[in-house]
Protein chains: 2
Amino acid sequence: MARTHYLPEDVVHYAWDHTLPPALEVDSGDVVVYQLREVTDNQISPRSTAVDLGRLDWNRLYPLGGPVFVRGARPGDVLEVEILDLHPLGWAWSAILPGFGLLEADFTEPYLHIWDLSPGDHTVLRPDIRIPLDPFCGTMGVAPAEKGPFPVMPPGKFGGNMDTRHLTCGTRLLLPVQVDGALFSVGDGHAAQGDGEVCVTGMECPMHAALRFHVRRDRSIAEPQFTTPGPLTTKYDRRGYHATMGVHPDLMEAARNAVRHMIDHLVHTCRLSREQAYILCSVAVDLKISECVDKPNWIVSAYVPLAIFVER
Amino acid sequence: MARTHYLPEDVVHYAWDHTLPPALEVDSGDVVVYQLREVTDNQISPRSTAVDLGRLDWNRLYPLGGPVFVRGARPGDVLEVEILDLHPLGWAWSAILPGFGLLEADFTEPYLHIWDLSPGDHTVLRPDIRIPLDPFCGTMGVAPAEKGPFPVMPPGKFGGNMDTRHLTCGTRLLLPVQVDGALFSVGDGHAAQGDGEVCVTGMECPMHAALRFHVRRDRSIAEPQFTTPGPLTTKYDRRGYHATMGVHPDLMEAARNAVRHMIDHLVHTCRLSREQAYILCSVAVDLKISECVDKPNWIVSAYVPLAIFVER
């Protein structure tokens with residue numbers, strides 16, 4: 001009989017390490033309910049300013065709930081994580097952090113934006129720019145096989161800090177189990193984010209989450225996979241998109257140029273500051289690889305959904 | 001009074017060159033109707049086999065219709081190309097071409113697939129794999145400012161061989177004019193293609209096209225941009241997606257691994273040959289940059305729409 005477990009809220013860890021004691025032991029088919037801290041472990045609050053970004057204790061970033069030991073999971077198995085429920089808890093923040101982000105060379109000063117999520121299903125950058133929420137957890141992973149501890153920021157074949165916006169409710173994430181019991185952990189709630197997470201933060205928020213675990217032995221995978229239950233962007237795509245292209249022999253530079261053109265476009269058409277535009281790109285603009293085969297120039301395109309611009 | 005022009009079918013050119021004489025002169029607001037040859041200039045036909053791929057005269061690739069001289073267009077202006085109508089003309093081909101494609105190291109033998117487009121709105125790889133058509137022109141560009149001729153394969157800031165799947169009907173493409181009259185050309189019809197065009201061909205087809213041109217001076221752009229009239233993938237996304245991830249410090253290698261995992265998935269779940277699976281990736285799988293900021297590992301994800309797998 002499948003059970004529902006409640007992860008103790010005071011149990012978090014800040015690194016991947018397969019020697020950590022499990023916070024819970026569950027059976028395949030069980031559900032775990034989490035109340036997850038935002039990614040700075042409450043160092044940022046709705047009253048914070050950009051000055052607080054410079055005072056962050058980076059050893060306390062990525063407080064993860066777990067690890068959860070799933071009985072029967074063995075290396076080579078697949079841990080299926082069914083995302084049952086996600087809800088951001090009232091507020092979020094996004095920031096420009098010097099030394100990080102796709103355009104770290106262009107944006108060198110700290111900048112903080114606090115999002116009011118009290119409407120529940122959307123937030124506004126300005127009254128005329130309304131962004132639907134589409135929550136997911138930026139970090140979901142199993143413990144790596146190698147001896148840790150490992151920092152949480154880089155994702156890996158074990159999953160981890162994947163920051164992949166389509167890991168929303170109803171999606172089934174598949175992770176390759178590395179150690180007995182899988183030792184699954186989760187955190188880094190995002191209320192919304194575009195493909196790319198270009199400024200290095202989504203809408204970083206405390207998050208309620210409920211996940212169901214299944215151990216699967218019918219397949220083997222080398223890196224994470226997932227299946228979504230339906231269309232990806234129905235909250236965003238009603239009015240189409242404006243897209244900017246970067247054409248370049250290096251994919252990353254193509255991405256940078258596409259985002260630079262999108263920032264110019266948003267500054268020009270919406271009279272946003274460049275910092276606001278960069279953050280809007282991170283939370284609402286999608287990066288697609290349009291082509292990566294027409295030697296020697298590749299194209300990355302940045303797509304902004306026009307539905308976020310309120311018709312007056 | 002805006003006019004409709006018909007581009008002579010026998011006028012094509014095979015390189016970008018601003019010294020080419022215009023095939024037509026039109027006014028801003030005019031429409032041009034094209035009947036475009038497929039990308040090999042009729043060297044591949046519905047009766048071709050893989051052997052014919054080795055005999056291609058590469059100097060005859062990319063027959064482009066044009067150039068069209070748009071009166072009043074000057075360097076620094078924007079040429080808006082409104083895509084009014086597109087229709088593939090009955091058949092298409094996709095191929096693995098040795099020395100090209102994202103996985104050129106993995107696929108070294110020529111392979112040709114001919115698509116029957118007679119149903120009009122879809123085609124099948126097998127009776128149980130049905131792919132909706134979503135046509136666009138792979139190549140649309142203005143003549144470069146620099147003295148040519150330049151080969152057509154690499155796209156540039158002038159547009160050209162952008163192979164961008166969302167340049168479908170109703171989309172308005174914006175191109176930065178480089179020379180007086182813009183000298184716009186078009187070709188390389190694709191009946192369908194995924195973001196990435198990973199095997200280097202989409203569904204390559206002869207195409208009927210109608211485009212309206214406007215000269216715009218209200219903005220200046222450095223590289224192409226476009227605006228779509230509505231959601232991007234409504235023909236594909238009804239039943240959700242299965243996605244495979246590549247996690248890697250190099251974006252291109254992340255893309256390669258994501259596609260390798262998708263090929264394994266398609267071979268395993270659909271019992272396709274590896275060549276069929278690679279071609280299916282090129283015509284129906286989308287590459288998204290999930291994150292490009294979590295140093296030092298980036299994630300590219302490959303998404304296959306589940307709607308193409310016919311429910312039995």
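Residues numbered from 1 in each chain as written. Chains lettered and ligands numbered in written order. Predicted model: local features only at pLDDT ≥ 70, side-chain atom pairs only at ≥ 80, totals over all residues. Heavy atoms only, no water.

A. Quick look at the side chain of Thr 171 of chain B. All names here are of chain B. Mapped onto the fold, Thr 171 is located in the loop between strand E12 (159-161) and strand E13 (172-176). A distance of 3.2 Å separates the side chain of Thr 171 from the backbone oxygen of His 166, its partner in a polar contact. In this view, Thr 171 contacts Val 81, Glu 82, Ile 83, His 166, Phe 226, Thr 227, Thr 228 and Pro 229; residues no more than four positions away in its chain are not counted. (Helix = DSSP H or I, 4+ residues; strand = E, 2+ residues; numbered from the N terminus. Polar contact = N/O pair within 3.5 Å; in protein donor to acceptor, adjacent residues only side chain to side chain. Contact = heavy atoms within 4.5 Å.)

B. Quick peek at the packing of helix H2 (residues 251-270) of chain B against helix H3 (residues 274-284) of chain B. All names here are of chain B. Contact geometry of H2 with H3 gives a least axis separation of 9 Å together with a crossing angle of 125 degrees. Classified by the angle their axes make, H2 and H3 are oblique. For the pair H2 and H3, the sense of crossing is right-handed. Between H2 and H3, the residues in contact are Val 259, Met 262, Ile 263, Asp 264, Leu 266 and Val 267 and Arg 274, Ala 277, Tyr 278, Leu 280 and Cys 281, respectively. Residues that form the contact of H2 with H3 fall into these classes: nine nonpolar, no polar and two charged. (Axes fitted to C-alpha atoms, helices over the stretch in contact; angles between N-to-C directions. Parallel < 35°, antiparallel > 145°, perpendicular 65-115°, else oblique. Left-handed = near helix turned anticlockwise from the far one by under 90°. Nonpolar A, V, L, I, M, F, W, Y, C, P; charged D, E, K, R; others polar.)

C. The arrangement of the packing of aromatic side chains in detail. Per the stated rule, a full pass over the model turns up twelve aromatic pairs over all chains. Look at Trp 16 of chain A and Phe 158 of chain A: their rings are 5.3 Å apart centre to centre, the planes differ by 70 degrees, and that puts the pair in the edge-to-face class. Residue Trp 16 of chain A is located in the loop between strand E2 (12-13) and strand E3 (24-26), and its partner Phe 158 of chain A is located in the loop between strand E11 (136-142) and strand E12 (159-161); the two are separated by 142 residues in the primary sequence. For the residue pair Trp 16 of chain A and Phe 158 of chain A, the accessibility class agrees, reading buried in each case. Every member of this aromatic cluster is reached through a ring pair, and the members are Phe 226 of chain A together with Tyr 241 and Tyr 303 of chain B. Positioned over the ring face of Tyr 236 of chain A is Arg 165 of chain A, at 4.9 Å from the centre of the ring. (Phe/Tyr/Trp six-rings, centres within 6.5 Å; stacked < 30°, edge-to-face > 60°. Buried < 20%, exposed > 50% of the residue type's maximum accessible area, 1.4 Å probe, protein only. Lys NZ or Arg CZ within 6 Å of the ring centre and 35° of its normal.)

D. Structural context of the nonpolar core. Ranked by internal contacts, the top residues of the largest apolar core, which has 208 residues, are Tyr 34 of chain A together with Tyr 34 of chain B. If we ignore the near neighbours within four places in the chain, the residues touching Tyr 34 of chain B are Leu 7, Gly 65, Val 68, Phe 184, Val 186, Met 207, His 208, Ala 209, Leu 211 and Phe 213 of chain B. (Core = buried A, V, L, I, M, F, W, Y, C linked by side-chain atoms within 4.5 Å.)

E. The arrangement of the interface of chain B and chain A in detail. Facing 71 residues of chain B, the contacting portion of chain A comprises 71 residues. Carbon and sulfur atoms make up 58% of the surface buried where chain B meets chain A, a total of about 5,500 Å² over both sides. Where chain B touches chain A, the interface holds two salt bridges. As a salt-bridge pair, Glu 104 of chain B and Lys 295 of chain A come within 3.2 Å of each other at their nearest N and O atoms. For the side of chain B that touches chain A, the elements supplying multiple residues, two or more each, are strand E16 (225-227), strand E17 (241-248), H2, strand E18 (286-291) and strand E19 (298-305) of chain B. Among the residues making up the side of chain B that touches chain A, the classes are represented as 33 nonpolar, 23 polar and 15 charged. Pairing of strand E17 (residues 241-248) of chain A with E16 of chain B, which is carried by three bridges, proceeds in the antiparallel orientation. Note on E16 of chain B: the bridge partner recorded for His 242 of chain A is Thr 227 of chain B. (Buried area = accessible area lost by both parts, 1.4 Å probe. Salt bridge = Lys/Arg side-chain N within 4 Å of Asp/Glu carboxyl O. Pairing = 2+ DSSP bridges.)

F. Representation of H2 of chain B. All names here are of chain B. In this model, H2 (20 residues) spans 28 Å end to end at C-alpha, consistent with the 28 Å of a helix rising 1.5 Å per residue. H2 sits mainly inside the fold: 14 of its 20 residues count as buried. Backbone nitrogen of Met 252 and a side-chain oxygen of the N-cap are separated by 3.2 Å at the start of H2; the cap is Asp 250. Looking one or two residues beyond H2, the residue adopting positive phi is Arg 271, at roughly 55 degrees. (Expected span 1.5 Å × (residues − 1).)

G. Here's a closer look at the relation of the copies chain B and chain A. Here chain B sits on chain A after a turn of 180 degrees about the axis and a move of 0.0 Å along it, with an RMSD of 0.0 Å. Such values leave the two copies arranged in the relation of a two-fold axis. Residue Lys 288 of chain B, judged by its C-alpha, is the member of chain B lying nearest the rotation axis, at 2.3 Å. (Least-squares fit on C-alpha atoms with pLDDT ≥ 70 in both.)

H. Up close: the environment of Lys 288 of chain B. Residues and elements named next belong to chain B. Considering the arrangement of structural elements, one finds Lys 288 in strand E18. A relative accessible area of 7% places Lys 288 in the buried class. The spatial distance from the C-alpha of Lys 288 to the C-alpha of Ala 255 is 8.8 Å, given a sequence separation of 33 residues.

I. Region of interest: unusual backbone geometry. Residue and element names in this part refer to chain A. Of note, the amide linkage connecting Gly 66 to Pro 67 takes the cis form, showing an omega dihedral of 0 degrees. Tracing the chain through its elements places Pro 67 in strand E5 (residues 64-70). Of note in the backbone geometry, Ala 182 takes a positive phi value of approximately 70 degrees without being a glycine. Exposure remark for Ala 182: the relative accessible area of 0% places this residue in the buried category. Within the chain, Asp 188 stands out as a residue other than glycine whose phi angle is a positive 65 degrees. Tracing the sequence through the fold places Asp 188 in strand E14 (residues 184-190). Residue Asp 188 is classed as buried on the basis of its relative accessible area, which comes to 4%.

In short, the description is geometric, and any link to function would need to be established separately.
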